[in-house]
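# Architecture at a glance
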Amino acid sequence: MDPGGHGGGPVVRVAAVGDIHLGPDSHGLLRPSFETLPDRADLLLLAGDLTRHGTVAEAEVVAGEVRDVGVPVVAVLGNHDHHSDEEAEVSRVLTEAGVSVLDGTTTVLTLHGRRIGVAGTKGFCGGFAGRSAGEFGEREMKEFVRVTRRSADGLRRALGELAADGCALRIALTHFSPVPDTLAGEPPELYPFLGSYLLAEAMDEAGADLAIHGHAHLGTEHGMTAGGIRVRNVAQPVIGKAFALYHLPLGPASDAA
């Protein structure tokens, strides 16, 4: 069933947005919308690029927007959040505001009496099948690809942990895209810098019910991995609102075993 609707059974309502790029002049910009979340969603996912330049001051603005919004908030960082080499402090500020910041790690929530897992990683570049970078040649080129591979491996392990933990639903949260589908609208020359097929391979091998990412401001919302996992690009310039909302149906309780 598409995450956009349900057939009358219990559902998990997932709010998601990325690329909000908040700065010192953004105080209160998203707070009014986020305060509606308890009536509309069960959790909020933030798909990276939460700040403009990755400074602690900008992270404090983000923290103020999401602190005590009434639903669990789960995030990954994006490339902008790494720009000032203060990503550890950015994560600390968000964590102190109650956000679960993931980096090859997981968080498990109990919603509607069921265990719902989120596995997250920033991801990285590299490109897609037939037009991707390889671990060959100069040391710098090999390391470029290995960064993406390590990120994908971490996501694969995290999703596997959620399966072993008996989660009824598993969501993969990244900043970079796992598929080219959601990049449609971006210049093709930029695709290798917007994501990597390795992320999609990890998702398909480990399994997930929904994949959320950002990063591609000129891209398209809807896509799918080769294995049939629905992918959603929630970069704010793409969705055009404070957050997108997806409904994930919950099967019978025995399905979680």
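Residues numbered from 1 in each chain as written. Predicted model: local features only at pLDDT ≥ 70, side-chain atom pairs only at ≥ 80, totals over all residues. Heavy atoms only, no water.

Moving on, we come to the overall build of the chain. For the chain, the helix and strand inventory stands at 7 helices and 13 strands. The principal-axis extent of the C-alpha atoms belonging to the chain is close to 50 × 45 × 30 Å. Expressed as a percentage of the 257 residues in the chain, the buried residues total 51%. For the chain, the accessible surface area stands at approximately 10800 Å², while carbon and sulfur atoms represent 52% of it. Of the side chains in the chain, 21 bear a positive and 34 a negative charge, and the two mean positions are spaced by 4 Å. (Helix = DSSP H or I, 4+ residues; strand = E, 2+ residues; numbered from the N terminus. Buried < 20%, exposed > 50% of the residue type's maximum accessible area, 1.4 Å probe, protein only. Areas by Shrake-Rupley, 256 points an atom, 1.4 Å probe, with all protein chains shown as cover. Lys, Arg positive; Asp, Glu negative; His and termini not counted. Charge placed at Lys NZ, Arg CZ, Asp CG, Glu CD.)

Our next topic: the sheet that holds strand β9 (residues 169-174). Here 6 strands make up an open sheet; going across it, the order is β5-β6-β9-β10-β12-β11 and the pairing mixed. Each end of this open sheet is capped by a strand with a single partner; those strands are β5 (105-111) and β11 (222-224). The mean angle between the axes of side-by-side strands here comes to 25°, regardless of whether they run parallel or antiparallel. Bridge count for β11 against strand β12 (residues 230-233) is 3 bridges, and the pairing is antiparallel. Bridge pairing in β12 places Gly 223 opposite Val 231. (Pairing = 2+ DSSP bridges. Axes fitted to C-alpha atoms, helices over the stretch in contact; angles between N-to-C directions.)

Looking now at the packing of helix α3 (residues 56-66) against helix α4 (residues 87-96). With their axes 9 Å apart at the nearest point, α3 and α4 run at an angle of 25° to one another. By the angle class used here, α3 and α4 are roughly parallel. The crossing of α3 and α4 is right-handed. The residues of α4 that touch α3, namely those facing Val 56, Ala 59, Glu 60, Val 62 and Ala 63, are Glu 89, Val 90, Val 93 and Leu 94. When grouped by side-chain class, the residues that make up the contact of α3 with α4 number 7 nonpolar, no polar and 2 charged. (Parallel < 35°, antiparallel > 145°, perpendicular 65-115°, else oblique. Left-handed = near helix turned anticlockwise from the far one by under 90°. Contact = heavy atoms within 4.5 Å. Nonpolar A, V, L, I, M, F, W, Y, C, P; charged D, E, K, R; others polar.)

Turning our attention to the packing of helix α5 (residues 139-164) against helix α6 (residues 197-206). For any two helices packed against each other, the geometry is given by the interaxial angle and the distance between the axes. Orientation of α5 relative to α6, taken along the N-to-C sense of each, is 20°, at an axis distance of 9 Å. The pairing of α5 with α6 is recorded here as roughly parallel in orientation. For α5 against α6, the interelement crossing comes out right-handed. Where α5 abuts α6, its residues Thr 148, Arg 149, Ser 151, Ala 152, Leu 155, Arg 156, Leu 159 and Gly 160 lie against Leu 198, Leu 199, Glu 201, Ala 202, Met 203, Glu 205 and Ala 206.

So, about the sheet that holds strand β1 (residues 11-17). Strands sit in the order β4-β3-β2-β1-β13 across an open sheet of 5 strands; the sheet is mixed. Whereas interior strands pair on both sides, the edge strands pair on one side only; in this sheet they are β4 (99-101) and β13 (244-249). Each neighbouring strand pair of the sheet contributes to a mean axis angle of 25°, computed without reference to strand direction.

Quick look at unusual backbone geometry now. Located in the positive-phi region is Asp 68, a residue other than glycine, with phi close to 55°. Residue position: Asp 68 is located in the loop between α3 and β3 (73-76). Overall, Asp 68 belongs to the exposed group, its relative accessible area being 65%. Phi angles above zero are rare outside glycine, and Asp 85 is one such case at about 60°. Residue position: Asp 85 is located in the loop between β3 and α4. Look at Asp 85 and you get exposed, because its relative accessible area is 65%.

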